[in-house]
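Residue-level structure breakdown
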Amino acid sequence: MSRLTIAHKTFLEAVLDMSGGYVLDFTNTRFAQFFEDLGIEIFEEKYAEYGPSKANRLRTLWQIGSDAEVGAALNALADYL
């Protein structure tokens with residue numbers, strides 16, 4: 001379980017344009033590939049706890065992922081930006 005605070009999550013949701021269930025300009029295919037490169041199968045059922053959208057899957061990763069997984073994902077997303 002990562003140690004992201006609500007302040008971190010609120011900031012990240014704004015930066016990653018997560019309104020409406022989206023994350024940046026990712027399609028489902030590109031989102032899956034992006035996370036596969038990190039060793040995370042983001043479309044596994046365990047990441048759909050809050051719903052099936054890309055934004056909800058990322059929120060679930062923040063909730064259940066380790067600090068190492070979440071940190072790697074956030075670093076990769078920062079590089080993508």
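Residues numbered from 1 in each chain as written. Predicted model: local features only at pLDDT ≥ 70, side-chain atom pairs only at ≥ 80, totals over all residues. Heavy atoms only, no water.

Brief notes about the overall build of the chain
- When its secondary structure is counted, the chain shows 4 helices and 0 strands.
- Scanning the chain from its N terminus toward the C terminus, one meets helices and strands in the order α-α-α-α.
- Viewed in the frame of its principal axes, the chain has a C-alpha envelope of about 30 × 25 × 20 Å.
- Per-residue burial over the chain gives 41% buried out of 81 residues.
- Of the roughly 4700 Å² that the chain leaves accessible, carbon and sulfur atoms contribute 54%.
- When the 7 positive and 12 negative side-chain charges of the chain are each reduced to one mean point, those points stand 4 Å apart. (Helix = DSSP H or I, 4+ residues; strand = E, 2+ residues; numbered from the N terminus. Buried < 20%, exposed > 50% of the residue type's maximum accessible area, 1.4 Å probe, protein only. Areas by Shrake-Rupley, 256 points an atom, 1.4 Å probe, with all protein chains shown as cover. Lys, Arg positive; Asp, Glu negative; His and termini not counted. Charge placed at Lys NZ, Arg CZ, Asp CG, Glu CD.)

Here we look at the nonpolar core
- Among the nonpolar cores identified, the biggest contains 22 residues, and Leu16, Val23, Phe35, Leu58, Leu61, Trp62 and Leu77 are the most heavily contacted of them.
- Sort the elements by how many residues they give to this core and helix H4 (residues 67–80) lands first, with 5 residues.
- Dropping the residues within four chain positions of it, Leu58 is found in contact with Leu16, Met18, Val23, Phe31, Phe35 and Leu77. (Core = buried A, V, L, I, M, F, W, Y, C linked by side-chain atoms within 4.5 Å. Contact = heavy atoms within 4.5 Å.)

None of this, on its own, says anything about what the molecule does.
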